[in-house]
Amino acid sequence: MSVLEAAHENDIDLEGACEASLACSTCHVIVMDTEYYNKLEEPTDEENDMLDLAFGLTETSRLGCQVIARPELDGVRLAIPSASRNFAVDGFVPKPH
């Protein structure tokens, strides 16, 4: 189960606009302890591309849809940034090319 799925199952307000398809950064979370961050698998290039769009990016930022709960992550503390960038609902209108 991903952090995003766990948040939704527990009524935690973590957006997931793209439904975990790696097409947004609305499920951006910050791992509060570097020790736990280092236990995570490396982010893929696709995740890093989406993280580049995230509000409040930090060295320990990850997408909640890509962080899978495992026993060695028991006790991990995550922070949800105070805002997100969801271009679909924030009034973004793409211009034709």
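Computed from a predicted model, the values in this text were never measured in an experiment.

J.: How do you make sense of the pattern of salt bridges when you look at a structure like this?
T.: It is possible for side chains of opposite charge to pair when their charged atoms get near one another. Under the definition given, this model contains three salt bridges. Among the ionic pairs, Glu 35 bridges to Lys 39, the shortest N-O distance being 3.9 Å. We classify Lys 39 as partly exposed; its relative accessible area is 32%. With its nearest N and O atoms 2.8 Å apart, the salt bridge here joins Arg 62 to Glu 47. In this pair, Arg 62 sits in strand E2 (residues 61–63) while Glu 47 sits in helix H3 (residues 45–51), placing the two residues 15 residues apart along the sequence. For the residue pair Arg 62 and Glu 47, the accessibility class agrees, reading buried in each case.

J.: I tried to follow the side chain of Glu 47 on my own but got confused; where do I start?
T.: What makes Glu 47 buried here is its relative accessible area of 1%. A distance of 2.9 Å separates the side chain of Glu 47 from the backbone nitrogen of Leu 63, its partner in a polar contact. In this structure, Glu 47 is in contact with Leu 22, Arg 62, Leu 63 and Gln 66, ignoring residues within four places of it in sequence.

J.: Hey, could you run me through the nonpolar core in this one?
T.: The nonpolar side chains of a soluble globular protein tend to be buried, and buried together. Judged by nonpolar contacts, the single largest core of 16 residues is most densely connected at Leu 14, Cys 27, Leu 40 and Leu 63. Mapped onto this core, the elements with two or more residues apiece are helix H1 (3–9), strand E1 (28–31), helix H2 (34–37) and H3. The leading source of residues in this core is H1, at three residues. Setting aside anything within four residues of it in sequence, one finds Leu 40 in contact with Val 31, Arg 62, Val 67, Arg 70 and Leu 73.

J.: Help me understand the sheet that holds E1 in this model?
T.: In a beta sheet, neighbouring strands pair by backbone hydrogen bonds and run either parallel or antiparallel. What the three strands build is an open sheet, ordered E2-E1-E3; its pairing is antiparallel. Strand pairing shows two members of the sheet lacking a second neighbour, E2 and strand E3 (78–79), which therefore form its edges. In the sheet, E1 pairs with E3 via two bridges, with the strands oriented antiparallel. Following the sheet pairing, Val 31 is matched in E3 by Leu 78.

J.: How should the side chain of His 28 be read in this particular structure?
T.: Checked against the element boundaries, His 28 lands in strand E1. Only 3.1 Å separates the side chain of His 28 from the backbone oxygen of Phe 55, close enough to count as a polar contact. Discounting chain neighbours no more than four positions away, the residues touching His 28 are Leu 14, Leu 51, Ala 54, Phe 55, Gly 56, Leu 57, Ser 61, Arg 62, Leu 63 and Pro 81.

J.: In this structure, what is going on with unusual backbone geometry? I would like to understand it.
T.: Negative phi is the rule for most residues except glycine; trans is the rule for most peptide bonds. Its identity as a non-glycine residue notwithstanding, Asp 11 has a phi of 55°, on the positive side. In this fold, Asp 11 is placed in the loop between H1 and E1. Here the phi dihedral of Glu 19 falls at roughly 55°; this positive angle occurs in a residue that is not glycine.

Calculation criteria
Residues numbered from 1 in each chain as written. Predicted model: local features only at pLDDT ≥ 70, side-chain atom pairs only at ≥ 80, totals over all residues. Heavy atoms only, no water. Salt bridge = Lys/Arg side-chain N within 4 Å of Asp/Glu carboxyl O. Buried < 20%, exposed > 50% of the residue type's maximum accessible area, 1.4 Å probe, protein only. Helix = DSSP H or I, 4+ residues; strand = E, 2+ residues; numbered from the N terminus. Polar contact = N/O pair within 3.5 Å; in protein donor to acceptor, adjacent residues only side chain to side chain. Contact = heavy atoms within 4.5 Å. Core = buried A, V, L, I, M, F, W, Y, C linked by side-chain atoms within 4.5 Å. Pairing = 2+ DSSP bridges.

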